[in-house]
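Commentary on secondary and tertiary structure
Take a look at the letters that make up each chain.
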Amino acid sequence: MKKRSKAQVRRDQIVGLVIFLSVWEIAARLLGNKLVLPSVSQILAALGDLIASGELITAMAESIWLLIVGLIVSTILGFVLGALVARSRTAYWMLNPYFSALFATPTIALVPLVLVWFGFGFPGRVIVVVLAAVVPIMFSVASGLRDDPKDLVDVARSFGVTGELQLLYRVRVRAALPVLLAGLRLAAGRGVVGMAVAETYLRLGGIGGLIKSYGSMFQTDYVFASILPLSLLGIAIVSVIGRIERRLHWT
Amino acid sequence: MKDSDVEVPAIQLRGVRKTFRLSEDRNAKTVLALDGIDLTIRKGEFLTIIGPSGCGKTTLLRIMASLEQHDEGEVIVEGEPVSEPGIRRAMVFQTFGLFPWKTVIDNVTFPLTVRKFPADEARNTAMKHIRRVGLERFVDAYPHQLSGGMQQRVGLARALSTGADILLMDEPFGAIDAQTRELMQEELLRIWDEERKTVIFITHDLDEAVLLADRVLLMSRGPGRVRELIDVDLPHPRFEYDVRGHENFAKVRGHIWQQLRNDLVQQREEEAS
Ligand SMILES: Nc1ncnc2c1ncn2[C@@H]1O[C@H](COP(=O)(O)OP(=O)(O)O)[C@@H](O)[C@H]1O
Ligand SMILES: [Mg+2]
């Protein structure tokens, strides 16, 4: 395939979106069943209503706060565990199976345990996000720090950098940054899922709560109107990290 | 020669020994890399080091740079025993050793930034040396955008901008194509002629060893020892005409090759049996 310019890609995407929405609108009107498939215009009306009532803003703020706190806790925990596992072979082989298992387990399966152990308050919801997001961060920290850039560490030492901590942040962490950010991007995507799970299955709240409650009232147009900002949130956070990655990457 | 009698040598090694352990394990196998090196390097001298691969050249240079600790003996730099890297010595690495995430200018200012020089002073010094190696058009480029020869020029500019008077170079042109290498040899000779820094230069290239050197240190294969120190009696400056045509060049080269060849042949026989 021939390489496309940015403008061409943008044009393709817009054309695709227009076709997609037109097909949807036509199909919805032909079907004429708002419960099964509300039309695009009905969804937009519901969205306008959610915005006007302030419901959406409140829900988004709550969700974003949960996501941010969850990702910060995941990052801190992931760094500590990742550094530990990168330093010690014993720690690696002791902990690796559990983290692989956690990575493979759907977060939703852990919700009942979180509920029993931590309750459905804010800490419990943060823990659900952490369970979803911590493993990719830990693995990326571990692999980023394990590929020791020996030559560059020598360069730094020869030009006067002293002390493990200085070498760590001037060389090792900096060299590992692309890997770390890739891990963070993956974690953010999973974190959004964790957030929605916490808000729908632990206790209703935020954007997840909105979807669940409108779903149980069979107001499908409002369900779609709530899913849209959730997807946009996921896309936004992942693309922000992707942008930082590209800026910090040197090739 | 009265002056040089009282002058402090650039580097003195006395009975330097180094053993490597092949793993962390306490009863792991060990390799004797350097077996009692005695060597005095004069200020302003251009010393090249040659020897069969694995004879301990890199180890010797890393010990002079204090990147590696020796087990026995003394390493004295400008009259002082050393154990930490210092600003009087600057290293040029075989694989260039540039930080891939830093631009040319940031790579060159790195040693000065680490040592807390004011930013504008660091930048001015760096720019001076970047210009000197002819890379002023590439100050904001990243290493991967440069050819090998250009990357090593950055490495050289970085070492020079530290103001060190001892340059430690480990096969600096080994990864550079032959024609560019000749150019860089010329440039290095020119810089050396202007500044008379002490240069210790490892190479596996016989021609290069003789072309650049005041003295050639020939090492014998593992465990590393000083096999012979050979004075190179060729006129300076050597960048203006090709001393390879000089009869002494052929003589010194031939002598070194004889010694080196013996070691290599023996090594091959031992490997075969
Ligand atoms: N970090 C190390 N650990 C173990 N052995 C090493 C290490 N560095 C060098 N050696 C060994 O020491 C000897 C000398 O190596 P080196 O100084 O790299 O030789 P040269 O640069 O002349 O090729 C070799 O036998 C090499 O295998
Ligand atoms: Mg070597």
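Residues numbered from 1 in each chain as written. Chains lettered and ligands numbered in written order. Predicted model: local features only at pLDDT ≥ 70, side-chain atom pairs only at ≥ 80, totals over all residues. Heavy atoms only, no water.

Looking up chain B in an unreviewed UniProt entry gives the name NitT/TauT family transport system ATP-binding protein, with the organism given as Roseivivax sediminis. Taken directly from UniProt, the Sequence similarities (unreviewed entry) text for chain B runs: "Belongs to the ABC transporter superfamily." (UniProt positions renumbered as here; feature names shortened; annotations may be inferred.)

If you check an unreviewed UniProt entry, chain A appears there as NitT/TauT family transport system permease protein from Roseivivax sediminis. What UniProt states about chain A under its Sequence similarities (unreviewed entry) heading is, verbatim, "Belongs to the binding-protein-dependent transport system permease family."

**With respect to the interface of chain A and chain B**
Each partner contributes residues to the interface: chain A has 17 residues there, and chain B has 22 residues. Both sides together, the interface formed by chain A and chain B hides about 1,800 Å², and carbon and sulfur atoms give 68% of it. Run the count over chain A and chain B and you get one salt bridge. Residue Asp 154 of chain A pairs with Arg 62 of chain B through a salt bridge whose shortest N-O separation is 2.7 Å. At the junction of chain A and chain B, the tally comes to three residue pairs in polar contact (both at pLDDT 80 or more). Breaking the side of chain A that touches chain B down by element, the ones donating at least two residues are helix H7 (150-158) and helix H8 (164-202) of chain A. Among the elements that line the side of chain A that touches chain B, the one with the most residues is H7 of chain A, at seven residues. Here the side of chain A that touches chain B is built from residues that sort into eight nonpolar, four polar and five charged. (Contact = heavy atoms within 4.5 Å. Buried area = accessible area lost by both parts, 1.4 Å probe. Salt bridge = Lys/Arg side-chain N within 4 Å of Asp/Glu carboxyl O. Polar contact = N/O pair within 3.5 Å; in protein donor to acceptor, adjacent residues only side chain to side chain. Helix = DSSP H or I, 4+ residues; strand = E, 2+ residues; numbered from the N terminus. Nonpolar A, V, L, I, M, F, W, Y, C, P; charged D, E, K, R; others polar.)

**Quick look at the sheet that holds strand S2 (residues 30-41) of chain B**
Residue and element names in this part refer to chain B. The strand order S2-S1-S4-S5 describes an open sheet built from four strands, whose pairing is antiparallel. The open sheet terminates on both sides in strands that have one partner only, identified here as S2 and strand S5 (80-81). The pairing of strand S1 (residues 11-21) with strand S4 (residues 72-77) spans five bridges and is antiparallel. Bridge assignment links Gln 12 to a residue of S4, and that residue is Ile 76. (Pairing = 2+ DSSP bridges.)

**Focus on the pairing of strand S3 (residues 46-50) of chain B**
All names here are of chain B. Counting buried positions over the five residues of S3 gives five, a clear majority of the element. Covered by surrounding structure in S3 are Phe 46, Thr 48 and Ile 50 together with Leu 47 and Ile 49, the residues of both alternating faces. Two strands pair when backbone bridges link them, and S3 and strand S8 (residues 198-202) are joined in this way by four bridges, in the parallel orientation. For Ile 49, the partnering residue across the bridge sits in S8 and is Ile 202. Summarising the sheet, S3 and strand S9 (residues 215-220) pair through four bridges and their orientation is parallel. Bridge pairing in S9 links Leu 47 to Arg 215. (Buried < 20%, exposed > 50% of the residue type's maximum accessible area, 1.4 Å probe, protein only.)

**Quick look at the UniProt feature "transmembrane region" (unreviewed entry) in chain A**
Residue and element names in this part refer to chain A. The positions that UniProt labels "transmembrane region" (unreviewed entry) are, in the present scheme, residues 12-31, 64-86, 98-120, 126-145, 175-202 and 222-242. Along residues 64-86 one finds 100% helix and 0% strand; the C-alpha atoms at either end are 31 Å apart. Between the first and last C-alpha atoms of residues 175-202 the distance is 39 Å; the span itself is 100% helix and 0% strand.

**Some details on the pattern of salt bridges**
It is possible for side chains bearing opposite charge to pair when their charged atoms get close. Applying the stated criterion across every chain yields a total of 30 salt bridges over all chains. Between Asp 148 of chain A and Arg 172 of chain A there is a salt bridge, and its shortest N-O distance comes to 2.7 Å. Taken together, the residues Asp 148 of chain A in the loop between helix H6 (122-146) and H7 and Arg 172 of chain A in helix H8 connect sequence positions 24 residues apart. Here Glu 68 of chain B makes a salt bridge to Arg 62 of chain B, at a shortest N to O gap of 3.1 Å.

**Some points on the packing of aromatic side chains**
Describing an aromatic ring pair means giving the distance of the ring centres and the angle of the ring planes. Counting across every chain of the model gives nine aromatic pairs over all chains. Between Phe 20 of chain A and Trp 24 of chain A, the aromatic rings sit 5.7 Å apart at their centres with planes inclined by 90°, giving edge-to-face as the arrangement. Residue Phe 20 of chain A and its partner Trp 24 of chain A are located together in helix H1 (residues 6-31), separated by four residues, close to a single helical turn. Residue classification places Trp 24 of chain A among the buried residues on the basis of a relative accessible area of 18%. Linked through ring pairs, Phe 46, Phe 173, Trp 192 and Phe 201 of chain B together constitute an aromatic cluster. For the cation-ring pair, Lys 18 of chain B lies above Phe 20 of chain B, with the distance from its terminal atom to the ring centre recorded as 5.2 Å. Across the ring face of Trp 192 of chain B, the terminal group of Arg 196 of chain B is positioned such that the distance to the ring centre comes to 4.2 Å. (Phe/Tyr/Trp six-rings, centres within 6.5 Å; stacked < 30°, edge-to-face > 60°. Lys NZ or Arg CZ within 6 Å of the ring centre and 35° of its normal.)

**Examining the UniProt feature "domain: ABC transmembrane type-1" (unreviewed entry) in chain A**
The sites that carry the UniProt feature "domain: ABC transmembrane type-1" (unreviewed entry) are, in the present numbering, residues 60-245 of chain A. Between the C-alpha atoms that bound residues 60-245 of chain A the distance is 26 Å, and the span itself is 87% helix and 0% strand.

**Considering a positive patch on the surface**
Residue and element names in this part refer to chain A. A cluster of basic residues, Lys 6, Arg 10, Arg 243, Arg 246 and Arg 247, forms a positive patch at the surface. Counting residues per element, the ones that place at least two in the positive patch are H1 and helix H10 (220-248). A per-element tally of the positive patch places H10 first, with three residues. Tracing the chain through its elements places Arg 10 in helix H1. (Patch = residues over 30% accessible without salt bridge, like charges linked within 9 Å, V, L, I, M, F, W, Y side chains within 5 Å. Areas by Shrake-Rupley, 256 points an atom, 1.4 Å probe, with all protein chains shown as cover. Lys, Arg positive; Asp, Glu negative; His and termini not counted. Charge placed at Lys NZ, Arg CZ, Asp CG, Glu CD.)

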